[in-house]
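# Architecture and fold: a report
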Amino acid sequence: MSKLKVGILGATGAVGQRFVQLLADHPWFEIVALAASEQSAGRKYGAAVHWVLERDVPAAVREQEIIRATPEQLRGCCSLLFSALPADQARFLEPELAAAGFAVFSNASAYRMEEDVPLLIPEVNPEHAALIRMQQAKRHWPGFIVTNPNCSTTHLAGVLKPLHDAFHLRKVLVVTMQAASGAGYPGVSFMDLLDNVVPYIPGEEQKLESEPRKLLGQFAGDHIVPADFIISAHANRVAVRDGHTEVVSLEFQHRPAVAEVVDILRTFRGLPQRLQLPTAPPRPIIVLAENDRPQPLRDRMRGRGMANIVGRVRECPLFHIKLVLLGHNTIRGAAGGSILNAELLARQGYFPDFTPDSDYTGAAS
Ligand code: NAP
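Report on the accompanying structure. (Residues numbered from 1 in each chain as written. Predicted model: local features only at pLDDT ≥ 70, side-chain atom pairs only at ≥ 80, totals over all residues. Heavy atoms only, no water.)

Inspection of the region around the ligand gives 27 residues, with Thr12, Val15, Ser37, Ser40 and Leu85 positioned closest. Ala14 is positioned with one of its backbone polar atoms (N or O) 3.0 Å from an oxygen atom of the ligand. In the environment of the ligand, an oxygen atom lies 2.8 Å from a nitrogen or oxygen atom belonging to the backbone of Val15. A total of 910 Å² of accessible area belongs to the ligand in isolation, and the protein chains cover 80% of it. (Near = heavy atom within 4 Å. Polar contact = N/O pair within 3.5 Å; in protein donor to acceptor, adjacent residues only side chain to side chain. Areas by Shrake-Rupley, 256 points an atom, 1.4 Å probe, with all protein chains shown as cover.)

Below you can see the structure in the form of structure tokens.
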């Protein structure tokens, strides 16, 4: 099977590096283009990037020349782009690329809440992908934009999904403790973060309060009707390298038993698991029994960074249930989530020139 050629926009940043790492040995996709800003363009990737991940820069891309993220530079080399651009750049570059025929899988917030743009997590709302055809018709684009949510939202919505289906959510209170890598590279300075908690992340609480309602909303043919529960969010930056922790209290239509909640989380499987997509973890939610887990240092790489890890499920005296949640922000919360979206659409026939190998069963353990 020949692989689908892909490009990475913002390839030198915190999320771009994860894309490079996760795609280096991907069974369906092959990196052929790396794009970044003017300051990196024209340089070899290995020399231009300040690599912050575990293991070395993959050999296959070290000598690749970085280009600019424009249709002119990218045309002819690939049709699928993974975007890790800052939102202000994504706002004007991504539509230009979709208009030029590229399928853009974006991590940026710029288009997440647009009515005709899917905000997608394959285990949560795969049916929302149908918005793509509407978007193409309305905007006269041969290509399209698909977004994945804010990193904290991704983990939260992944856990709310089966609980909302079973018990109908009414209220969510979430307090996040977000890792340094969530601010990109170089991000928050060492002097500001070490020995400290910063109780404000610009724009984060609004995203956490709005995006899950779109994700868990009903697809109504040509738009999404947002889910009707209320969310209150507090976002904090903490001195952790990778992995966002979230403490969550939930109120439902009726109070469920703790054992029922645990059982529903443990047994939940989504479409990516049924389709055995290469990046799908066998268990999208892992529930830990120990009182002092999950912890970022110990648990963030479960399911190769693609699982949402839950612990301390217990009764809440204010609402009904409370729990602790952990997710890897640059893997499930960014690059890995975006790759899973592309795998889903590839399997659903959105790339007519590419037929994924249906025998591949590479699910992350
Ligand atoms: P980052 O570390 O600051 O990286 C930004 C990247 O964009 C760099 O590769 C930079 O290239 C490139 N860039 C900047 N201006 C550009 C331009 N005009 N044209 C082309 N490339 C340009 O940021 P990040 O943390 O990776 O975040 C990337 C996106 O993902 C953001 O929209 C962010 O909100 C979103 N996101 C991040 C996370 C996370 O955990 N970090 C999670 C979810 C979503 P140079 O190196 O050449 O400057």
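There's plenty left to go through after this.
With that settled, the discussion passes to the pairing of strand E6 (residues 144-147). Burial along E6 is two-sided: the face carrying Phe144 and Val146 and the face carrying Ile145 and Thr147 are both buried. As paired elements, strand E5 (residues 103-106) and E6 share four bridges and run parallel to each other. Residue pairing across strands places Ser106 opposite Thr147, the latter belonging to E6. (Buried < 20%, exposed > 50% of the residue type's maximum accessible area, 1.4 Å probe, protein only. Helix = DSSP H or I, 4+ residues; strand = E, 2+ residues; numbered from the N terminus. Pairing = 2+ DSSP bridges.)

Take helix H7 (residues 151-167) next. When the terminal C-alpha atoms of H7 are compared, their 25 Å separation across 17 residues agrees well with the 24 Å that a helix rising 1.5 Å per residue should span. In the structure, H7 departs most strongly from a straight axis at Leu160, where the bend amounts to approximately 35° and where the proline Pro162 lies between one and four residues downstream. Counting buried residues in H7 gives 15 out of 17 residues, a clear majority hidden from the surface. Put simply, Asn150 is the residue that caps the front of H7, since its side-chain oxygen is 3.0 Å from the backbone nitrogen of Ser152. Positive phi shows up at His168, right after H7, with a value of about 60°. (Expected span 1.5 Å × (residues − 1). Bend = angle between axes of the 7 residues up to and from the residue.)

As a further point, take the sheet that holds strand E1 (residues 4-9). Hydrogen bonds along the backbone pair up the strands of a sheet, which may run parallel or antiparallel. The strand order E3-E2-E1-E4-E5-E6 describes an open sheet built from six strands, whose pairing is parallel. At either end of the open sheet lies a strand with only one pairing partner, and these are strand E3 (67-68) and E6. Two strands pair when backbone bridges link them, and strand E4 (residues 80-83) and E5 are joined in this way by four bridges, in the parallel orientation. By the bridge assignment for E5, Leu80 is matched with Ala103. Helix H1 (residues 14-23) contacts E1, strand E2 (29-36) and E4 of the sheet and is inclined by roughly 160° relative to E1. Strands in contact with helix H13 (residues 331-347) are E2, E4, E5 and E6; relative to E5, the strand with the most contacts, it is inclined by about 145°. (Contact = heavy atoms within 4.5 Å. Axes fitted to C-alpha atoms, helices over the stretch in contact; angles between N-to-C directions.)

Turning next to the packing of aromatic side chains. The final tally for this structure, using the stated rule, is nine aromatic pairs. With centroids separated by 6.1 Å and ring planes inclined at 80°, the aromatic side chains of Phe105 and Phe144 adopt a geometry described as edge-to-face. Highlighted residues: Phe105 in strand E5 and Phe144 in strand E6, separated in sequence by 39 residues. The pair formed by Phe105 and Phe144 is uniform in burial state, with each residue classed as buried. (Phe/Tyr/Trp six-rings, centres within 6.5 Å; stacked < 30°, edge-to-face > 60°.)

It is worth stressing that arrangement in space is one thing and function is another; only the former is reported here.
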